[in-house]
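# Architecture at a glance
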Amino acid sequence: MSVAMDMWRFVVEAFQELKSYEINEFGPQTAYLSPYEARKMSVKEFREWCENFRSEFLAERIHKCDKLSLALEDLKGTIKQEEVLVIVDGMMRLCDEVRLMIMREIDAVSDCLIEIRNHSESFDPIIKAGEIEEEVRKLMMNFKTGFDHMAELGFPPPE
């Protein structure tokens, strides 16, 4: 097996790890990005959820996104074909965009904590976090296009 295919396997594994995390661990936490669901919690529960969501779930999401980006960067170093390089570069830029949006989501959740500290009844920051989350999900769907193009060029797609 070529070095490029070995590196590709790491890309696929990193993506599958990110996808599994999104579905099994991160996804269920996003229910509380709705003001309706957030109102069901006490202030203490909501504060704890915000802190945990920000410092554990969003941080782990960034970690997994960074892992995918590094795997793509390693792959890029083994590729000579221009059309493959273009796709890999695009997927790396997509990782950067996703990471940036997750950082914005972290900021919005941090704003929720400020609102709690200020005894505010505003749910604007949680609404904003929910909107950002929708944008992240839309961006992440674009990985399919990159994997489809790579499959056309002989790189097996993730399952």
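Residues numbered from 1 in each chain as written. Predicted model: local features only at pLDDT ≥ 70, side-chain atom pairs only at ≥ 80, totals over all residues. Heavy atoms only, no water.

### A closer look at the packing of aromatic side chains
Applying the stated rule across the entire model yields 10 aromatic pairs. For the ring pair Phe46 and Phe123, a centre distance of 6.4 Å and an interplane angle of 55° mean the geometry is tilted. Pair noted here: Phe46 is in helix H3 (residues 43–76) and Phe123 is in the loop between helix H4 (82–117) and helix H5 (124–141), with a separation of 77 residues, a long-range link. Accessibility expressed as a relative area gives 8% for Phe46, which makes it buried. The rings of Tyr21, Phe26, Tyr32, Phe46, Trp49, Phe53 and Phe123 are connected pair by pair, giving a single aromatic cluster. One cation-aromatic arrangement involves Arg9 over Phe10; the distance from NZ or CZ to the ring centre is 4.9 Å. One Lys or Arg, Arg39, reaches over the ring of Phe123 and ends 4.5 Å from the middle of that ring. (Phe/Tyr/Trp six-rings, centres within 6.5 Å; stacked < 30°, edge-to-face > 60°. Helix = DSSP H or I, 4+ residues; strand = E, 2+ residues; numbered from the N terminus. Buried < 20%, exposed > 50% of the residue type's maximum accessible area, 1.4 Å probe, protein only. Lys NZ or Arg CZ within 6 Å of the ring centre and 35° of its normal.)

### Describing the pattern of salt bridges
Counting across every chain of the model gives 15 salt bridges. Measuring nitrogen to oxygen at the nearest pair gives 3.9 Å for the salt bridge that ties Glu51 to Arg47. Placement of the pair is Glu51 and Arg47 together in helix H3, with a separation of 4 residues, close to one helical turn. A residue is classified by how much of its surface remains accessible, and Glu51, at 34% relative accessible area, is partly exposed. (Salt bridge = Lys/Arg side-chain N within 4 Å of Asp/Glu carboxyl O.)

### Focus: the environment of Tyr36
Counting through the fold element by element, Tyr36 comes out in helix H2 (residues 35–38). Residue Tyr36 is classed as exposed on the basis of its relative accessible area of 55%. Separated by 93 residues in the primary sequence, Tyr36 and Ala129 have C-alpha atoms spaced 14 Å apart.

### Things to note about the side chain of Glu133
With respect to the helices, strands and loops of the structure, Glu133 is situated in helix H5. Its relative accessible area of 1% is what places Glu133 among the buried residues. Setting aside residues no more than four positions away along its own chain, Glu133 makes contact with Phe26, Thr30, Leu33, Arg61 and Glu105. (Contact = heavy atoms within 4.5 Å.)

### Concerning the state of the cysteines
A complete count under the given rule lists 0 disulfides for this structure. The structure places no disulfide on Cys50, whose sulfur is separated from the nearest cysteine sulfur, that of Cys112, by 4.6 Å. This cysteine, Cys65, is not joined by any disulfide, and Cys95 carries the nearest cysteine sulfur, 4.5 Å off. For Cys65, a relative accessible area of 1% corresponds to the buried category. (Disulfide = S-S within 2.5 Å.)

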